[in-house]
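# Survey of secondary and tertiary structure
These are the residues of each chain, in order.
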Amino acid sequence: MSSWYERRVLPYLLDIACGIKPVRLQRQSLIPLAYGQVLEIGIGTGLNLEHYDRSRVERIVGLDPSLDMHRLARSRAQRAGLDVELVDLSAERIPFENRSFDTVVVTYSLCTIPDPAAALKEMHRVLKPEGQLLFCEHGQAPDEAVRVWQDRMTPLWSQVVGGCHLNREIGKLIHDAKFEMIEFKTFYLTGLRPLTYHYWGVARALA
């Protein structure tokens, strides 16, 4: 994909795709649970920002390697009345001290991060012992027929949609990074099944 596509088309394509009503409803149910010092991984165009409960949040840091997304995120932060610190880095090396955050939020990003296992280990590292990981992601489906199509579609899909993988097993990735599930749901949203299998939950970092 050309740099022109990544600058001029991809941010708006992702903004539309990740802002459809079924996805927005998942954000609405998850993001208000955030509290204290918050790190949002893959903040993108800032679609989560309107859903934070400002009475519960002290600080929000948004991590994303795409500067082209940040302009839209800044605009949404202003509209939401939030002061958000934006950092243009990927999550494999989070530039903060151990046990810095009460909440880490990751939505629709583990599909795209080049090394999601390394990123989750970093999220574990920066969470306080009593902190929480809030996640909502699409990924590998339990149905074999759907998984076949996810595997077939992912190479081309990844090129068109900024590195997104349809076939990552999100629950296993989180478990392997030594998180304990406090609440965990899996389900299909409406739409094409290879695109819509979801993992939603709250987890805490094990010692």
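It should be noted that the structure appears before, not after, this text.
Residues numbered from 1 in each chain as written. Predicted model: local features only at pLDDT ≥ 70, side-chain atom pairs only at ≥ 80, totals over all residues. Heavy atoms only, no water.

Turning our attention to the pattern of salt bridges. In the structure shown here, the tally under the stated rule is 8 salt bridges. Across the salt bridge formed by Lys172 and Asp176, the nearest N and O atoms sit 2.7 Å from each other. Taken together, the positions of Lys172 and Asp176, both in helix 7 (residues 170–176) and 4 residues apart, correspond to about one turn of that helix. Residue classification places Lys172 among the partly exposed positions, given a relative accessible area of 44%. The salt bridge partner of Glu180 is Arg204, with a shortest N-O separation of 2.7 Å. Remark: Arg204 occurs in strand 7 (residues 197–205) and Glu180 occurs in strand 6 (residues 179–188); sequence separation between them is 24 residues. Residue class for Arg204 comes out partly exposed when judged on its relative accessible area of 41%. (Salt bridge = Lys/Arg side-chain N within 4 Å of Asp/Glu carboxyl O. Helix = DSSP H or I, 4+ residues; strand = E, 2+ residues; numbered from the N terminus. Buried < 20%, exposed > 50% of the residue type's maximum accessible area, 1.4 Å probe, protein only.)

A positive phi is found at Arg99, a non-glycine position, where the angle reads about 55°. Tracing the chain through its elements places Arg99 in the loop between strand 3 (84–87) and strand 4 (101–107). Take Arg99: its relative accessible area is 57%, and that puts it in the exposed class. Within the chain, Tyr108 stands out as a residue other than glycine whose phi angle is a positive 55°. By the secondary structure assignment, Tyr108 is in the loop between strand 4 and helix 5 (116–126).

An ideal rise of 1.5 Å per residue puts 20 Å on 14 residues; helix 4 (residues 67–80) measures up with 20 Å between its terminal C-alpha atoms. For helix 4, the secondary structure elements touched by its buried residues are helix 2 (10–17) and strand 3. Just beyond helix 4, the residue with positive phi is Gly81, at close to 70°. (Expected span 1.5 Å × (residues − 1). Contact = heavy atoms within 4.5 Å.)

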